[in-house]
Amino acid sequence: MADGVPLLDVRRLTKDFDARAGLWGPRRTTRAVDEVSFVIEEGETFALVGESGSGKTTTGRCILRLIEPTSGEVWFRGENVLAYTRSELRRARRHMQIVFQDPYSSLNPRMRVGDIVEEPLVIHKQGSRAERRERVAELFRLVGLDPAQLDRYPHQFSGGQRQRIGLARALALNPSLVVADEPVSALDVSVQAQVVNLLLDLQQQLKLTYLFIAHDLRLVEHISVRVAVMYRGRIAEMAPTARLFGAPQHPYTKALLSAVPVPDPDAPRVRVGVDPGWFDPPRPLREVAPRHWAAV
Amino acid sequence: MTALLSVRHLTTVFDLDRRSVAAVDAVSFDINEGETLGLVGESGSGKSMIALSILRLVQPPGRIAGGSILFRDRDLLACPEAEMRRVRGAEIALIFQEPMTALNPVFTVGDQIAEALVVHGATRAEAQARALELAEAVRLPDPAHCLRNYPHRLSGGMRQRVLIAIALACRPALVIADEPTTALDVTIQAEILDLLRTMKTRFHLSLLLITHDLGVIAGTADRVAVMYAGRIVEEAAVRTIFREPRHPYTRGLLASMPGSGPGRRLQAIEGTVPDIGALPLGCAFGPRCPDRFDRCGSGPPPAFEAGPEHQVRCYLHQPKDALR
């Protein structure tokens, strides 16, 4: 960015969850996100990858304050999101939106899809009813849906179409940052590529910045500019995409890459196992090469 | 090689109010001894219905409407239910997709492995001893301790190992694995696929591996059958499928994978998977096919030879002399 302020600056973000072991068991605190820091520049696609329980989804939700982080800072365009009052947060949400993984449960089944996409415009008091309906039709065309279907219900659409509806809703208020949490993993293989292409087209057209949360490394390699690999709440390694896939430094990144099934029967298969000892004790990230950080 | 399993013209339908729709439409394939056949398809393609049909576990409104399933020289679709009960587990075993729900939460892991053996005639003591052997074979960490645990104490990967142990308990000849790694993390998936490969060699198994993931298929299968809308549209050796795919759907699937082509845009297949109740006339893939021509609407294409041991249901591969 021209003035040197990144679009999003996450510093030492931490989230603890309290849980009881059984009904009467002792209270225990689980640290889901542990001092995670990263910066996303305007127009970039930054990916958080990791396996289940790595904290990638919790990180995304803490940034939008869909859940409240325990500590840390989230700076969006130079303002501290965690210091916002409720009304300031609501205003800021216009600029930061989320697309969820499951297009089957993230759309209200009792609402017409046109109303689902219009809802954020109503909440943020945008325009007259007629102007809003025109905007909804425009959003439908933008994501490749036919505005003639505005009065239908979610169940009348396929998974790929529902994900387009979720995207139209997220884009209604012209956000600059979109957190895409596993946006294609619930879709059929042949439909995934359509939605990925749509995400790429929209990014160019609308100058969007993506925080892309995913477990599919092949997809992450394809779509993102920089990648952070998470394990048990911490970033193990963070680098420009080509660097991370070409010259991984952390043993966990190497293990993860070696486990990806390659669609080639003759590809060499040398698998590296995961050793939790790599993370005990936790090591701080250090810059092993320009813009390449690893907890080694 | 002799075929252990020969499926011929298998048709499994769903009875709706006024009509029946075919989830599996006249499907034929063989699995040879010691071979892994990969069955690839998207949701609704009928691949899981094939697994249930082989074991005769199709539930209403589903129903096997025709065909034959020859296994060790008898037709499973014609044999009495009592004999089918002996076949299930003892000769053909099934591994499910969901390791979280396929185990009974109120019995220990050891009891559930032993139960499979007791049902097929072992004594309790024999079953307990064999359960421990199996737990070691599937590399459960600290097997004796693991067997005394309840399923909720185990991780997803460990539960899948338990399910594999149960499947192997009675030394079946054929194991059907329906999306065995789909619910697992990628590092655990790699371990389970390694285990399946090892078990296959050690116990001389034949394997029917059902998955939507071409990456999983590439590393595990010997032969591949690609399904679309209830039919096998292409079948060939694994190398042939990946190096010389002939059906436009197979080509489209391979090309749509991230990293398979240059540029940032992916090569998407247009449209969506059709509803089996409303299939287009002619080739079911026709409306999405980049290569369709007038003949595609004329009727479902029969299987044409595209090479040795390579069949493809696509009019592009109809021999020229058959056109007249």
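Note that the coordinates shown come from a computational prediction; the quantities given were computed from them, not determined experimentally.

1. Examining the overall build of chain A
In step 1: Helices and strands together make up the secondary structure of chain A, namely nine helices and twelve strands.
In step 2: Taken over the C-alpha trace, chain A has a radius of gyration of 20 Å; the compact-globule value for 296 residues is 19 Å, and the two agree within 12%.
In step 3: Its C-alpha atoms put chain A at 60 × 55 × 50 Å along the principal axes.
In step 4: Put simply, chain A has 296 residues, and 43% of those count as buried.

2. Looking at the overall build of chain B
In step 1: A count of helices and strands for chain B gives ten helices and twelve strands.
In step 2: Projecting the C-alpha coordinates of chain B onto the three principal axes gives extents of approximately 70 × 50 × 40 Å.
In step 3: A sequence separation of at least 24 residues applies to 62% of the contacts in chain B between residues at least 6 apart.

3. Considering the domain arrangement of chain B
Interface size is often expressed as the accessible area that is lost when the parts come together.
Residue and element names in this part refer to chain B.
In step 1: Parsing chain B into structural domains produces domain 1 (3–221) and domain 2 (232–260 + 267–324).
In step 2: Between the C-alpha centres of domain 1 and domain 2 there is a distance of 29 Å.
In step 3: The partner domain 2 presents ten residues to the twelve residues of domain 1 that form the contact.
In step 4: For the side of domain 1 that touches domain 2, the secondary-structure elements that each account for two or more residues are strand 2 (20–32) and helix 8 (214–220).
In step 5: Its residues placed into classes, the side of domain 1 that touches domain 2 shows nine nonpolar, two polar and one charged.

4. A look at the sheet that holds strand 2 (residues 27–40) of chain A
In sheet architecture, strand pairing relies on hydrogen bonds along the backbone and comes in two forms, parallel and antiparallel.
In step 1: Strand order in the open sheet formed by four strands is 2-1-4-5 (chain A), with antiparallel pairing between adjacent strands. Every interior strand has two partners, whereas the edge strands, strand 2 and strand 5 (79–80) of chain A, have only one.

5. Side note on the environment of A:Phe38
Residue and element names in this part refer to chain A.
In step 1: Of note, phenylalanine 38 is situated in strand 2.
In step 2: The exposure class of phenylalanine 38 is buried, given the 20 C-beta atoms found within 10 Å.
In step 3: Residues in contact with phenylalanine 38, not counting those within four places in the same chain, are Val10, Phe46, Ala228 and Met238.

6. Quick notes on helix 6 (residues 189–206) of chain A
In step 1: If you check helix 6 of chain A, its first and last C-alpha atoms are 26 Å apart, about what 18 residues at 1.5 Å a residue would give, namely 26 Å.
In step 2: When helix 6 of chain A is considered as a whole, its buried residues turn out to be A:Val189, A:Ser190, A:Val191, A:Gln192, A:Ala193, A:Gln194, A:Val195, A:Val196, A:Leu198 and A:Leu199.
In step 3: Against helix 5 (159–171), strand 7 (177–181) and helix 7 (217–223) of chain A together with helix 10 (248–255) of chain B lie the buried residues of helix 6 of chain A.
In step 4: Immediately beyond the C-terminal end of helix 6 of chain A, within one or two residues, lies A:Lys207, with a positive phi of roughly 55°.

7. A word on the nonpolar core
In step 1: The biggest cluster of nonpolar side chains holds 177 residues, and the ones touching the most others in it are A:Phe212, A:Val229, B:Ile113 and B:Ala165.
In step 2: The two domains that each donate at least three residues to this core are domain 1 (3–221) and domain 2 (232–260 + 267–324) of chain B.
In step 3: Excluding residues that lie within four positions of it along the chain, B:Ala165 makes contacts with B:Ile113, B:Leu134, B:Ala135 and B:Val138.

8. Focus: unusual backbone geometry
In step 1: The amide bond that connects A:Asp280 to the next residue, A:Pro281, takes the cis arrangement and shows omega of 0°.
In step 2: Along the chain, the position of A:Pro281 falls in the loop between helix 9 (251–259) and strand 11 (286–289).
In step 3: Cis geometry is adopted by the peptide bond preceding B:Pro61, which originates at B:Pro60 and carries an omega value of 5°.
In step 4: Considering the arrangement of structural elements, one finds B:Pro61 in the loop between helix 1 (47–54) and strand 4 (62–71).
In step 5: If you check the backbone angles, A:Asn174 has positive phi at about 55° while not being a glycine.
In step 6: Along the chain, A:Asn174 falls in the loop between helix 5 and strand 7.

9. Focus on the interface of chain A and chain B
In step 1: Contacts between the two partners involve 30 residues from chain A, matched on the other side by 33 residues from chain B.
In step 2: Top element by residues in the side of chain A that touches chain B is helix 6 of chain A. It accounts for eight residues.
In step 3: Classifying every residue of the side of chain A that touches chain B by side-chain character gives 15 nonpolar, eight polar and seven charged.

10. Brief notes about the sheet that holds strand 7 of chain A
All names here are of chain A.
In step 1: In spatial order, the strands read 6-7-8-3-9-10-12-11; together these eight strands make up an open sheet with mixed pairing. Every other strand in the sheet has two partners, leaving strand 6 (96–99) and strand 11 as the edge strands with one partner each. The sheet shows a mean angle of 25° between the axes of neighbouring strands, direction not considered.
In step 2: Relative to strand 8 (residues 209–214), strand 7 is paired through five bridges, and the arrangement is parallel. The residue of strand 8 that forms the bridge with valine 179 is leucine 211.
In step 3: Where helix 5 meets the sheet, it contacts strand 6 and strand 7, and its direction lies at approximately 175° from that of strand 6.

11. Quick notes on the confidence of the model for chain B
In step 1: When pLDDT is averaged across chain B, the result is 92; 97% of the residues are at 70 or more.
In step 2: Here the predicted complex scores 0.90 on pTM and 0.87 on ipTM.

12. Side note on the environment of B:Val13
All names here are of chain B.
In step 1: Position of valine 13 among the secondary structure elements: in strand 1 (residues 3–15).
In step 2: Its 22 C-beta neighbours within 10 Å are what place valine 13 among the buried residues.
In step 3: Separated by 290 residues in sequence, valine 13 and alanine 303 have C-alpha atoms that sit 21 Å apart.
In step 4: Non-local contacts of valine 13, meaning those with residues more than four positions away in its chain, are made with Ser20, Val21, Ala22, Ala23, Arg63 and Ala65.

13. Quick word on the pairing of strand 6 (residues 92–95) of chain B
Residues and elements named next belong to chain B.
In step 1: Burial along strand 6 is two-sided: Ile92 and Leu94 and Ala93 and Ile95, pointing in opposite directions, are all buried.
In step 2: Relative to strand 7 (residues 174–178), strand 6 is paired through four bridges, and the arrangement is parallel. Looking across to strand 7, one finds that isoleucine 95 is bridged to alanine 177.

14. Quick look at helix 4 (residues 124–137) of chain B
All names here are of chain B.
In step 1: Over its 14 residues, helix 4 extends 20 Å from the first C-alpha to the last, a length consistent with the 20 Å expected when each residue adds 1.5 Å.
In step 2: Those residues of helix 4 that sit buried are Ala127, Ala131, Leu134 and Ala135. Viewed along the axis of helix 4, the buried residues span an arc of 100°, placing them on a single side of the element. The outward face of helix 4, more than 90 degrees from its buried face, is lined by the exposed residues Ala125 and Glu133.
In step 3: Summarising the contacts, the buried residues of helix 4 are in contact with helix 3 (109–119), helix 5 (143–147) and helix 6 (156–168).
In step 4: Two residues or fewer past helix 4, arginine 139 is found with a positive phi of approximately 60°.

Rules used throughout
Residues numbered from 1 in each chain as written. Chains lettered and ligands numbered in written order. Predicted model: local features only at pLDDT ≥ 70, side-chain atom pairs only at ≥ 80, totals over all residues. Helix = DSSP H or I, 4+ residues; strand = E, 2+ residues; numbered from the N terminus. Rg over C-alpha atoms; globule rule 2.2 N^0.38 Å. Buried ≥ 20, exposed ≤ 12 C-beta atoms within 10 Å, placed from the backbone. Contact = placed C-beta atoms within 7 Å. Domains from an automatic or database assignment. Nonpolar A, V, L, I, M, F, W, Y, C, P; charged D, E, K, R; others polar. Pairing = 2+ DSSP bridges. Expected span 1.5 Å × (residues − 1). Core = buried A, V, L, I, M, F, W, Y, C linked by C-beta atoms within 7 Å. Axes fitted to C-alpha atoms, helices over the stretch in contact; angles between N-to-C directions. pLDDT = per-residue confidence, 0-100. Arc of directions from axis to C-beta.

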